[in-house]
Amino acid sequence: MKVKILFVLFIITAFVLGACSPAPVEEPVVEEPVVEEPVVEEPVVEEPVVEEPVVEEPEEPAVEAVELRFMYYADGPKQDLILPLIEKFMAENEGITVILDMVPYQTIDEQLPIQVEAGQGPDLARITNFAIYKGKLLDLRPLVSNPEEFEANFATPILEALGYGGFPDEYTITGPYVNQTLFEQAGIDLPTGETTWEEWTELTKQVAEATGTDYAIGIDRTGHRVAGPAMSMGATLIDDEGNFTIDTPGFRQFIELLKSWHDEGLMPNELWLTGDALNNCIDWFKTADMVMCMTGSWQINGVAADVGDAFDWVVVPNPTGAGGSTGIAGGAAVVAFADTEHPEAAAKLMEFLYAPENYAALSGGGLSLPAHRGVAEAGVDYASDIPSVLAALDAYTAEVPKLQDQAVFLNVHPFAFAYYRNSANRIAQYLAGELSLEEMIANLQSDIDTAIAESN
Amino acid sequence: MSKNSHNKLFQTIFGSIAHGVISFVDLFLGSIQKLIGIKGVPYLFVLPNLLIFGLFILYPMLLNFVYAFTGGSAFFPDNRPYVGTRNFERLFACENFLVPNSCTEDLFWRAVQNTVVYVIAQVTILVLFALITALILNRKIKWRGFFRSVFFYPCLLSPIVVGLIWQWILQDKGLLNGILIGLGMSRMPFLTAATWARFWVIMVSVWASMGFYTLILLAGLQSIPSDLYEAASIDGASNWKAFSNITMPLLMPTMTVVIVLSLIRAVQVFEIIFAFTGGGPGTATMYLVQFIYNYGFTSPNKQFGVAAAASLLMAAVLIVLTLAQMAARREEVY
């Protein structure tokens, strides 16, 4: 027994002394397994050897190992679509490594602007708020191989809003989803031809009552979606000089209609009253708790996937009014930032992404409307054989020619996002009874004016 | 091997390890001490913590002052023009402080009003419930240990988790409304009617933090000598008399600490409410910290200056409350 104890003591003493003694004595022992690793990873070591012949080609001295960080938020299946494209790009462009940071939209909305401001932003990103990056995007025109083609394929107001630092990777249109099955169960025909918001309100109310559905109608909690119906009622949110004007008869008319939805319980209270972020009516629509939901084309994927064959749904033509159609244009853009250390590589990736075949792959797989003229003209092969999905895409495409000018310019207006968020919160205050209509309009105008003044 | 020889073996092993470690530290510190002298050694020990404190607390605090006195929407202080007290003036530009709509920054005054009401109601209910619970748990009841754990358990939960759990319970199609409908009653607007939302915000925050204060009060109750109650009982004092003449006076220093601590925490409330109601309906449950957060971070037009000014005003309130707590502690010690 004593021998055992002495042995244990010997081991421990050796350990303690070893720990206390100068490190180099032990290092080789500890690091032995590490020495083995390079042997395992020998193929990596071989890479430079394979690349050596590149030295023989004097025409490509610029191919240096560069790393691009690309911050991307994906709606629908875009995550699965962008990854193979990035891999394809890297395979075609040895020396350029693209690190794709998949983030939620909130990160793009709240954190990216601060990161970019602080000089800690990525090289590229997918964004929706164009104005906030004014002067901070990389002008691609001198860097891409064919700047004329770049400019010809995208709408000039969007490119100008981006400072030619990116391109819209999809076009979105707002428009309502309707539960067709509930209409059938109620024995009410879907309206044809031009229909106003008041008429839709009455119809969906009848359907909800007849079918025992919780809610008749709803609209996403954001000023972006509200702008459309207001414009259809004659609101001129942006005047000829580009100024925001909230107080117009059309705006008042729709806000009062919205208030009636809220007060009569046609719309779920939680949709507009809880939180201070964007709430989507589509959540109620997908569970068949709402007859009609005013949202947009980016929801097609989600509705198709989540509703399945639980009920029939359809995207109906946008309601119209004295001011015209309801639709509002929007979309996301892929941009490169001006402070990237690798402008050529960033431009190369941008050029790759807006190449017609790659752009079409993203649009077709992601079921999104192309903002690329060449792709739109050639037609997109959408990756779906579901009739309601294809019909919805057709319905949204048919809305494009009906868009009012201000409905196109709204999303690229420098202060569009100041209007979107502030209007949602102010309207919520009005619906909650904290503000009168007059106060709401005055406060919202003041919020936007302050945002403009602070920015200047 | 006997138990004693086991113990001896472990003592020997750990003794050797400890000795080795101490010898090493002694060797290391001894040489440093020779370099900087004995008086410098304490500063060496606090240096790591001081660096972290300076980087993450002091520096941001100083930056906050810079933001409060500068304007614009730029992020870097260098790019922000000096505006003097303009941000504070904006916050105080009001015709009538009791009518938020008459103020330039109406949301700030709504947040102030909400916070005042919340602090008064929440602290009152919290202290009352914590006291009652502590009094009950101080008695010899069955499963006392179990109940002490049960009341303390919510304190271990993340505020975000608490907020989300209660949101699922109280939302329109939540658990509670499901039960009400199951009982043949109508759905209640727990989170979409201002009065209900304010009520639930207070109750949920009381539920989440009561255990902590109950524990402090319980410690205070247990420090009261039992012979005082025995003497009162011999003198024929009723339970109420014993409570009002022995328990409360002797518990007062602990109560003061609890009140001041809960006041400070109530003024700082944010995470639970942010996850629970998001400040809604409308702005009915938007409190000061959320106002600052919204203005500084989520607002599309980042108004760092106004947010920083509001946070300095809140800091002033917290400093007053902290001084009160320190005074209360001093009173407790003496």
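So, on to the overall build of chain B. Looking only at helices and strands, one finds 13 helices and zero strands in chain B. When the elements of chain B are put in sequence order from the N terminus, they spell out α-α-α-α-α-α-α-α-α-α-α-α-α. Its C-alpha atoms give chain B principal-axis dimensions of roughly 80 × 70 × 45 Å. Pairs at least 24 residues apart make up 61% of the contacts formed inside chain B by residues separated by at least 6 positions. Accessible surface, chain B as shown: approximately 18,900 Å² in total, 71% of it carbon and sulfur. Both charge centroids of chain B, one from 21 positive and one from 13 negative side chains, sit 10 Å from each other.

Our next topic: the sheet that holds strand β3 (residues 124-127) of chain A. Through backbone hydrogen bonds, the strands of a sheet pair up, either in parallel or in antiparallel fashion. Residues and elements named next belong to chain A. Reading across the sheet, the five strands line up as β2-β1-β3-β12-β4 and stay open at both edges, with mixed pairing between neighbours. The open sheet is flanked by β2 (96-102) and β4 (166-168), the only strands paired with a single partner. Averaged over all adjacent pairs, the angle separating strand axes in this sheet is 15°, with direction ignored. Two elements, strand β1 (residues 66-72) and β3, share two bridges in a ladder whose sense is parallel. Note that in β3 the partner of Phe70 across the bridge is Leu124.

Another point: the state of the cysteines. Here is the idea: a disulfide is a covalent bond, and it sits between the sulfur atoms of two cysteines. Tallying each qualifying case throughout the model produces two disulfides over all chains. There is a disulfide in this structure between Cys281 of chain A and Cys293 of chain A, and the S-S distance comes to 2.1 Å. Judged by the sign of its S-S torsion, about 75°, the cystine formed by Cys281 of chain A and Cys293 of chain A is right-handed. Here the residue Cys281 of chain A occupies a position in the loop between α12 (269-273) and α13 (282-286), and Cys293 of chain A occupies one in strand β7 (residues 290-296), the gap between them amounting to twelve residues. Each member of the pair, Cys281 of chain A as well as Cys293 of chain A, is classed as buried. Here Cys94 of chain B is linked by a disulfide to Cys103 of chain B, with a sulfur-sulfur distance of 1.6 Å.

This part is about the confidence of the model for chain B. In the predicted model, chain B carries a mean pLDDT of 90, and the fraction of residues at 70 or more is 97%. Of the two predicted TM-score estimates for the complex, the pTM is 0.79 and the ipTM is 0.80.

We now examine the nonpolar core. Counting residues in each nonpolar core, the largest one holds 140 residues, and the members touching the most others are Phe70, Phe251, Trp261, Trp272, Trp313, Leu349 and Tyr419 of chain A. Per element, the largest residue contribution to this core is nine residues, and it comes from helix α20 (residues 416-431) of chain A. Residues contacting Trp313 of chain A, with those up to four places away along its chain left out, are Tyr177, Val178, Gln180, Phe285, Ile300, Val303, Ala304, Val307, Ser388, Val389 and Ala392 of chain A. Counting 70 residues, the second largest nonpolar core, distinct from the first, contains Tyr118, Val206, Leu251 and Ala307 of chain B.

Attention shifts here to the interface of chain A and chain B. Contacts between the two partners involve 38 residues from chain A and, on the opposite side, 44 residues from chain B. Together chain A and chain B conceal approximately 3,300 Å² of surface at their shared face, both sides included; 55% is due to carbon and sulfur atoms. The tally of links from chain A across to chain B stands at four salt bridges. Linking chain A to chain B there are eleven residue pairs in polar contact (both at pLDDT 80 or more). Residue assignment for the side of chain A that touches chain B shows that the elements contributing at least two residues are α1 (2-20), α5 (105-117), α12, α20 and α21 (437-455) of chain A. In terms of residue class, the side of chain A that touches chain B is built from 18 nonpolar, eight polar and twelve charged.

Next up on the list: the domain arrangement of chain B. When cut into domains, chain B gives domain 1 (3-58) and domain 2 (86-333). The centre of domain 1 of chain B, based on its C-alpha atoms, is set 42 Å off from the matching centre of domain 2 of chain B.

Calculation rules
- Residues numbered from 1 in each chain as written.
- Chains lettered and ligands numbered in written order.
- Predicted model: local features only at pLDDT ≥ 70, side-chain atom pairs only at ≥ 80, totals over all residues.
- Heavy atoms only, no water.
- Helix = DSSP H or I, 4+ residues; strand = E, 2+ residues; numbered from the N terminus.
- Contact = heavy atoms within 4.5 Å.
- Areas by Shrake-Rupley, 256 points an atom, 1.4 Å probe, with all protein chains shown as cover.
- Lys, Arg positive; Asp, Glu negative; His and termini not counted.
- Charge placed at Lys NZ, Arg CZ, Asp CG, Glu CD.
- Pairing = 2+ DSSP bridges.
- Axes fitted to C-alpha atoms, helices over the stretch in contact; angles between N-to-C directions.
- Disulfide = S-S within 2.5 Å.
- Buried < 20%, exposed > 50% of the residue type's maximum accessible area, 1.4 Å probe, protein only.
- pLDDT = per-residue confidence, 0-100.
- Core = buried A, V, L, I, M, F, W, Y, C linked by side-chain atoms within 4.5 Å.
- Buried area = accessible area lost by both parts, 1.4 Å probe.
- Salt bridge = Lys/Arg side-chain N within 4 Å of Asp/Glu carboxyl O.
- Polar contact = N/O pair within 3.5 Å; in protein donor to acceptor, adjacent residues only side chain to side chain.
- Nonpolar A, V, L, I, M, F, W, Y, C, P; charged D, E, K, R; others polar.
- Domains from an automatic or database assignment.

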